Amino acid sequence: MAGAAPYSDERAREIIADHMGLEGPALPILHALQAEFGHVPEAAVKEMAEALNVSRAEMHGVVTFYHDFHREPHGRHTLKICRAESCQSMGAEKLANDFLNKLKLEWGQTTPDGKLTVEAVYCLGLCAHSPSALIDGEPVGCIDMQKLDELAAEARS
Amino acid sequence: MTKVYVPLDMAAVAMGADRLATAIVKEAAARGESVQIIRNGSRGMLWLEPLVEVETSTGRIGYGPVSVKDVGALFDASFLKGGAHPLSIGKVDDHSWMKRQNRITFARCGIIDPLSISEYEAHGGGAGLARALQIGPAATIEEVTKSGLRGRGGAGFPTGIKWKTVADAPADRRYVVVNADEGDSGTFADRMIMEGDPLSLIEGMIICGYAINGSKGYVYLRSEYPQAAKVYQAAIDVAREAGWLGDNVRGSGFKFDIELRIGAGAYVCGEETSLLDSLEGKRGIVRAKPPLPAHEGLFGKPTVVNNVLSMATIPMIMEKGAQHYADLGVGRSRGTMPIQIAGNVKYGGLFETDFGIPLGEIINDIAGGTRSGRPVRAVQCGGPLGAYVPVSLFDLPFDYEAFAAKDSLIGHGGLVVFDDTIDMSWMARFGMEFCAIESCGKCTPCRLGSIRGIETIDKIRAGQDVENNIDLLKDLCHTMKFGSLCALGGFAPYPVESALRHFPEDFHKPALEAAAE
Ligand SMILES: Cc1cc2nc3c(=O)[nH]c(=O)nc-3n(C[C@H](O)[C@H](O)[C@H](O)COP(=O)(O)O)c2cc1C
Ligand code: SF4
Ligand code: FES
């Protein structure tokens, strides 16, 4: 996530307040918090629990249930590589493993320079262009090692 | 001013369509040519993306796949007048891939500017809603029922019956919820409609709201689809601006509005009750049924939950009449299915056709076999919970009941093709792994059974006590099938069992070979 703002309780409360008019506002709030701060820190969960009048444990349960929300900051850029069936039919599993090995990363980890987080994703709806990936939300079809290397180099430059 | 179409579809963008559009504008300016770029949806010939179309006096001429480096040569070849070039596919409507289809749900997709109400109306949009408003809610539900439309999200439940249940449930509020979670690998039809013809989904939702007497609609869209979110939100704004949404829908006095909500990367939230909990802001845990969402759905109110395709087909059914739709198809599978062809195929894309087409015709003929050029070995039909179908079953007609009779699934209409390099014991393991990752955790057979499944398949793959472990795996599949609350745990065994049944050799690799891996 390029350009995440530093966390502040005040800003978190503002974001929460902006969504309180919605029915079932929890997910929209979480997305907005993560868009702002790059992650959903514990302090924000506490603010949410108070605003939504639920226990902190319950709020915590919501945040951790969803793969999208992370509790710790990610790298500056996020590369999501698809490992669902269609992409596997075009060799995604080996490609991703080789790429991760090269970067000495496991799924979900960030390069030591803090520039790139590599995550697994299960289908991007780009299955006619398998294997595919998303870099900071931008789709890339028919990836191969060369394309992945380019994306990684660009992210880490 | 020449109209040039460059798709905004996420698949086209993934292959460089945005950069291409910019390059065409720049090159045109440099050459003093006047072009109007229209960002349309995809025609579904995804192997040709980005497919650039130029409007000429004789129709729309296509070029694809076009990359930025081709732009100069295309101008040299007078592509703005439909000039000849190696990338030309001629008139797009005359392409055999298009001509062989029967496009109903996708009739407008790729043809119109997705955000233009006037183009939408010029292509029949709005006529379905007008007719619904004219014949009234009860007759509208009757039409939907008579069309034979079954839910395209996977379960194939008759849409009209669902609507009637909601309409008849006593309540002060009713909701329309569209399931755009489209998590199945090999599927992208929901995404394509939301990017290419979003107004049809909006119109379908309005018709549904009117029919069930509900005034609020939600679309729950997966977060992996940022482009669909952008286009659909823009379409909602356009529709509201034009008076299609709001307090007085098209001057009818009926009040309806739509809100787009984004999921958060949980496959199970495609299951309708989990989706409703997620919309309410909770963890996406599957609810026990009854109560059905039709009786107690979103915030406890009667709720229609329909897949994007089901809902986006409604306007056409209302426009052309139930009979027109019901006349298509076979058996109890009426109408058309937007089939999504993916994986290791030469021609991948979206192909909408009447039910009944044999599987082999789709794979060998329409999709042209594998992209790798190697023989087809298996096709996974209906997403990660669907069976692996071997070539020997390729005469299977595309029909809910025919597939079910072979322990297979049409599901959301995705087909993923694999060539002969695929290791089916690995894919079986992956199926269990996917179930373990995505399980909502409510039932033990799904949550723990899938983990036991991974361990057991690992042993089989390592050549350990193979026969006993295969028996154990089969028992485990049985337990999951009958002890799971929803189809994630309940259907996860199908790919595994089909792999075992049709490709047993992949589970009996000589121990030496296994040890060497
Ligand atoms: C694990 C699981 C995932 C599902 N995912 C989806 C999905 O992504 N989209 C969808 O429309 N239906 C999905 N369904 C089916 C829905 O529960 C429900 O049947 C459907 O949304 C109803 O709409 P329809 O009648 O128009 O098909 C899923 C079901 C299960 C068990
Ligand atoms: S089968 Fe799995 S996903 Fe479905 S309710 Fe049970 S634990 Fe949840
Ligand atoms: S399986 Fe990878 S994009 Fe669909």
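The following paragraphs examine the structure supplied in this document.

**Side note on helix α7 (residues 145-156) of chain A**
Then comes step 1: Between its first and last C-alpha atoms α7(A) spans 16 Å; for 12 residues at 1.5 Å apiece the expected length is 16 Å, and the two agree.
Then comes step 2: Packed against the buried residues of α7(A) are β1 (77-82), α6 (92-103), β2 (116-121), β3 (133-135) and β4 (138-140) of chain A.

**With respect to the site of ligand 2**
Then comes step 1: Residues in contact with ligand 2 amount to 13 residues; listed here are only the nearest, Cys440(B), Lys442(B), Cys443(B), Cys446(B) and Cys486(B).
Then comes step 2: Looking at the shell around ligand 2, its residues break down into eight nonpolar, four polar and one charged.

**Considering the sheet that holds strand β2 (residues 35-38) of chain B**
Residues and elements named next belong to chain B.
Then comes step 1: Sheet architecture is open: five strands sit in the order β2-β1-β3-β4-β5, paired in mixed fashion. Since the sheet does not close on itself, it has two edges, and those belong to β2 and β5 (88-91), each with one partner. In this sheet, neighbouring strand axes are inclined to one another by 25 degrees on average, regardless of whether the strands run parallel or antiparallel.
Then comes step 2: The pairing of strand β4 (residues 59-63) with β5 spans three bridges and is classified as antiparallel. Among the inter-strand pairings, isoleucine 61 is bridged to a residue of β5, identified as lysine 91.
Then comes step 3: The strands touched by helix α2 (residues 17-30) are β1 (2-5), β2 and β3 (52-56); relative to β2, the strand with the most contacts, the crossing angle is about 170 degrees.

**A short note on the side chain of Asn307(B)**
All names here are of chain B.
Then comes step 1: Along the chain, asparagine 307 falls in strand β9 (residues 303-307).
Then comes step 2: There is a polar contact of 3.1 Å between the side chain of asparagine 307 and the side chain of aspartate 190.
Then comes step 3: One polar contact links the side chain of asparagine 307 to the main-chain amide nitrogen of leucine 309, over a distance of 2.8 Å.
Then comes step 4: Sequence-distant contacts of asparagine 307, defined by excluding residues within four places in its chain, comprise Arg152, Gly153, Val178, Asn179, Asp190 and His412.

**Some thoughts on the nonpolar core**
Then comes step 1: Membership of the largest hydrophobic core comes to 144 residues, with the highest contact counts inside it found for Tyr66(A), Trp163(B), Ile202(B), Met205(B) and Tyr232(B).
Then comes step 2: With 10 residues, helix α10 (residues 198-212) of chain B is the single largest residue contributor to this core.
Then comes step 3: Dropping the residues within four chain positions of it, Tyr66(A) is found in contact with Leu27(A), Tyr220(B), Ala264(B), Ala266(B), Cys269(B), Ser278(B), Lys282(B), Arg283(B) and Gly284(B).
Then comes step 4: By size, the runner-up hydrophobic cluster in this structure holds 31 residues, among which are Ile341(B), Phe355(B), Ile363(B) and Ala367(B).

**Considering the packing of helix α7 (residues 137-147) of chain B against α10(B)**
All names here are of chain B.
Then comes step 1: For the pair α7 and α10, interaxial distance at closest approach is 8 Å and the crossing angle is 120 degrees. As far as their axial angle goes, α10 and α7 are oblique. Both α7 and α10 take part in a crossing whose hand is left-handed. Of the residues in α10, those in contact with Pro137, Thr140 and Ile141 of α7 are Ile207, Tyr210 and Ala211.
Then comes step 2: A class-by-class count of the residues in the contact of α7 with α10 yields five nonpolar, one polar and no charged.

**What about the pattern of salt bridges?**
Residues and elements named next belong to chain B.
Then comes step 1: For the coordinates displayed, the defined rule picks out 52 salt bridges over all chains.
Then comes step 2: Residue arginine 287 is joined to aspartate 277 by a salt bridge in which the shortest nitrogen-to-oxygen separation is 2.7 Å. Of this pair, arginine 287 sits in the loop between α12 (272-279) and β9 while aspartate 277 sits in helix α12; the two residues are 10 residues apart in sequence, bridging distant segments of the chain.
Then comes step 3: Among the residues examined, aspartate 277 registers a relative accessible area of 11% and is labelled buried.
Then comes step 4: Across the pair aspartate 423 and lysine 509 runs a salt bridge whose closest N-O atoms are separated by 3.3 Å. A residue pair is termed long-range when its members are at least 10 positions apart, and aspartate 423 in the loop between β16 (414-419) and α17 (424-438) and lysine 509 in the loop between α22 (493-502) and α23 (511-516) qualify at 86 residues. Each member of the pair, aspartate 423 as well as lysine 509, is classed as buried.

**Quick word on the site of ligand 1**
Residue and element names in this part refer to chain B.
Then comes step 1: With respect to spatial proximity, 18 residues lie near ligand 1, and among them Gly153, Asn179, Asn306, Asn307 and Ser310 are the closest.
Then comes step 2: Within the contact set of ligand 1, an oxygen atom lies 2.9 Å away from a backbone nitrogen or oxygen of glutamate 272.
Then comes step 3: Measuring from an oxygen atom of ligand 1, one finds a backbone N or O atom of asparagine 307 at 2.8 Å.
Then comes step 4: Burial of ligand 1 by the protein amounts to 91% of the accessible area it has alone, namely 610 Å².
Then comes step 5: Those elements that place two or more of their residues in the shell around ligand 1 are β9 and α21 (487-491).
Then comes step 6: Here the shell around ligand 1 gets three residues from one element, more than from any other, and that element is β9.
Then comes step 7: By residue class, the composition of the shell around ligand 1 is four nonpolar, eight polar and six charged.

Cut-off values and rules
Residue numbers run consecutively from 1 along every chain, following the written order of its sequence. Just so you know, chain letters begin at A and ligand numbers begin at 1, following the order they were written in. Thresholds applied to this predicted model are a pLDDT of at least 70 for local features of residues and 80 or more for the giving and counting of side-chain atom pairs; totals over whole chains, interfaces and linings are not thresholded and use all residues. Hydrogens and water are ignored here; the side-chain numbers use all heavy atoms of the structure. A helix here means a DSSP run of H or I that spans at least four residues, while a strand means a run of E at least two residues long, and both kinds are numbered starting from the N terminus. Expected span of a helix: the number of residues minus one, times 1.5 Å. We call two residues in contact when some of their heavy atoms are within 4.5 Å. Throughout, the term near means that a residue has one or more heavy atoms lying within 4 Å of the molecule or strand in question. Each residue receives one of three labels: charged for Asp, Glu, Lys and Arg, nonpolar for Ala, Val, Leu, Ile, Met, Phe, Trp, Tyr, Cys and Pro, and polar for the others, Gly being one of them. When DSSP finds at least two bridges between two strands, those strands are taken to pair. The angle between two axes is taken between their N-to-C directions and runs from 0 to 180 degrees, where each axis is a line fitted to C-alpha atoms and a helix contributes only its stretch in contact. The definition of a polar contact used here is a pair of N or O atoms within 3.5 Å, where within protein one atom must be able to donate a hydrogen and the other to accept one, and adjacent residues in sequence count solely through side-chain atom pairs. Nonpolar cores were defined as sets of buried Ala, Val, Leu, Ile, Met, Phe, Trp, Tyr and Cys residues, with membership established by side-chain atoms within 4.5 Å. Classification of residues uses two cut-offs on accessible area relative to the type maximum, computed with a 1.4 Å probe and protein chains only: under 20% is buried, over 50% is exposed, and between them is partly exposed. For classification purposes, an angle smaller than 35 degrees is called roughly parallel, one larger than 145 roughly antiparallel, one from 65 to 115 roughly perpendicular, and anything else oblique. Less than a right angle of anticlockwise turn of the near helix away from the far helix marks a crossing as left-handed, whereas a clockwise turn marks it as right-handed. Any carboxyl oxygen of Asp or Glu that lies within 4 Å of a side-chain nitrogen of Lys or Arg is treated as forming a salt bridge with it. To measure how exposed things are, a 1.4 Å probe is used in the Shrake-Rupley method; for residues, cover is taken only from the protein chains shown.

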